[in-house]
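One letter stands for each residue in the lines below.
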Amino acid sequence: MKKRSQAINTLWTVILTILSLAWVYPVVVVLINSFKKDSAISTNTAFQLPPAEGFAGLGNYANAIHSKGFLAAFFNSFIISVTSVVLILVCCSMCAWFITRVKTWATKLCYFLFVFSMVVPFQMLMFTLANLADKTKLNTPFNICIIYLGFGAGLAVFMFTGFMKSAMIDGCGPLRTFFLVVMPMLKPTLVSVGILETMWVWNDYLLPYLVLDGTKYMTIPILIQYFRGGFGRVEMGPMMACIVLTILPIIIIYVLGQKHIIKGVAAGAVKG
């Protein structure tokens, strides 16, 4: 039995290693091509290391940063991601605390509405939402976080509600109980939700494209499409460099918080 168990573990290790390489391979290809000239990318050497005559070095990165307004787009994406994620974490954790502490038909209905919102396709309401955002002046990087709060609340409330336990302290009001007791307990789930929501907001293309004024504000995903020139020409080298610069912050955030992700997801799934 012991040998059989070891064989099964070895088999699973091999399978998961292959799957991991399959996931990492596209990122490696993008990284390699970010150092190539467009001519080297468009040939059959796109999946190979750059030859000497096709090596562009850091020129693609300089082009990506300076030629298309990368810094402004990066700033907009940063502002949108930070404000949206902070708002989601604070508001949704407090909402989940209220739902778990106040057990009435209204809070149960509220919880089921949050869960139901996760299955509603964005395409069903995107045009109405874009019109509403224009009328309510939510079409700037500084207040689009209100819209992201609405879309991100379903998953956040679901995970926070699943984690929370009752916590009471004599002489401690509801707000003090929440911020002094519940919030420290929520650390794994806060990190998990924060990373998941950051990945979503940072990489989102459709909502900023519909809501923001493209002549004034661009996010990183919107900026990437502007490397496509006229007559179908694409500046592949700078585009690849821009993609690398885009995914780098998310990779860093994920690596720093990865030990909390599984713990937070598991905690939110088995309690409540």
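Small disclaimer: the values here were computed from a predicted structure and weren't measured.

Undergrad: Please explain the environment of Tyr254 as it appears in this structure.
TA: Here Tyr254 shows up in helix H12 (residues 236-270). Along the sequence, Tyr254 and Val191 sit 63 residues apart, while their C-alpha atoms lie 9.7 Å from each other.

Undergrad: It is not clear to me how the side chain of Thr100 should be interpreted in this structure. Could you clarify?
TA: Mapping Thr100 onto the fold places it in helix H4 (residues 70-101). Classification of Thr100 as buried rests on a relative accessible area of 16%. Among the polar contacts made by the side chain of Thr100, one reaches the main-chain carbonyl oxygen of Trp97 at a distance of 2.9 Å.

Undergrad: Help me understand the environment of Pro174 in this model?
TA: With respect to the helices and strands, the residue Pro174 is situated in helix H8 (residues 174-185). A relative accessible area of 65% places Pro174 in the exposed class. Between the C-alpha atom of Pro174 and that of Trp97, which follows or precedes it by 77 residues, the distance is 9.5 Å.

Undergrad: Would you mind going over the side chain of Asn76 with me for this structure?
TA: Topologically, Asn76 is positioned in helix H4. Using a relative accessible area of 8% as the deciding quantity, one classes Asn76 as buried. Excluding residues that lie within four positions of it along the chain, Asn76 makes contacts with Pro141, Tyr217 and Met218.

Undergrad: Sorry, what's going on with the packing of H8 against helix H9 (residues 187-203) here?
TA: Two measures define how a pair of helices packs: the angle their axes make with one another and the distance between the axes. Their axes nearest at 4 Å, the elements H8 and H9 cross at an angle of 65°. One way to sum up the angle between H8 and H9 is to call them roughly perpendicular. Note on element contacts: H9 touches H8 through Lys187, Pro188 and Leu190, opposite Met183, Pro184 and Met185. Tallied by class, residues from the contact of H8 with H9 come to five nonpolar, no polar and one charged.

Undergrad: Looking at this model, I keep getting lost on unusual backbone geometry. Mind explaining?
TA: Outside of glycine, negative phi angles account for most residues, and trans bonds account for most peptide bonds. In this structure, Lys137 takes a positive phi of about 60° despite not being glycine. Positionally, Lys137 belongs in the loop between helix H6 (126-135) and helix H7 (145-163). When its relative accessible area of 58% is taken as the criterion, Lys137 is described as exposed.

Undergrad: What should I look at first to understand the nonpolar core in this one?
TA: If you look at soluble globular proteins, the nonpolar side chains tend to sit buried side by side. The biggest cluster of nonpolar side chains holds 20 residues, and the ones touching the most others in it are Cys92, Phe160, Met164 and Leu186. Of all the elements in the fold, those that place two or more residues in this core are H4, H7, H8 and H9. In contact with Met164, not counting residues within four places along its chain, are Ser93, Ala96, Trp97, Thr100, Phe178, Val182 and Leu186. Core analysis: the second largest hydrophobic core is formed by 19 residues, Leu223, Ala241, Val244 and Ile250 among them.

What counts and how
- Residues numbered from 1 in each chain as written.
- Predicted model: local features only at pLDDT ≥ 70, side-chain atom pairs only at ≥ 80, totals over all residues.
- Heavy atoms only, no water.
- Helix = DSSP H or I, 4+ residues; strand = E, 2+ residues; numbered from the N terminus.
- Buried < 20%, exposed > 50% of the residue type's maximum accessible area, 1.4 Å probe, protein only.
- Polar contact = N/O pair within 3.5 Å; in protein donor to acceptor, adjacent residues only side chain to side chain.
- Contact = heavy atoms within 4.5 Å.
- Axes fitted to C-alpha atoms, helices over the stretch in contact; angles between N-to-C directions.
- Parallel < 35°, antiparallel > 145°, perpendicular 65-115°, else oblique.
- Nonpolar A, V, L, I, M, F, W, Y, C, P; charged D, E, K, R; others polar.
- Core = buried A, V, L, I, M, F, W, Y, C linked by side-chain atoms within 4.5 Å.

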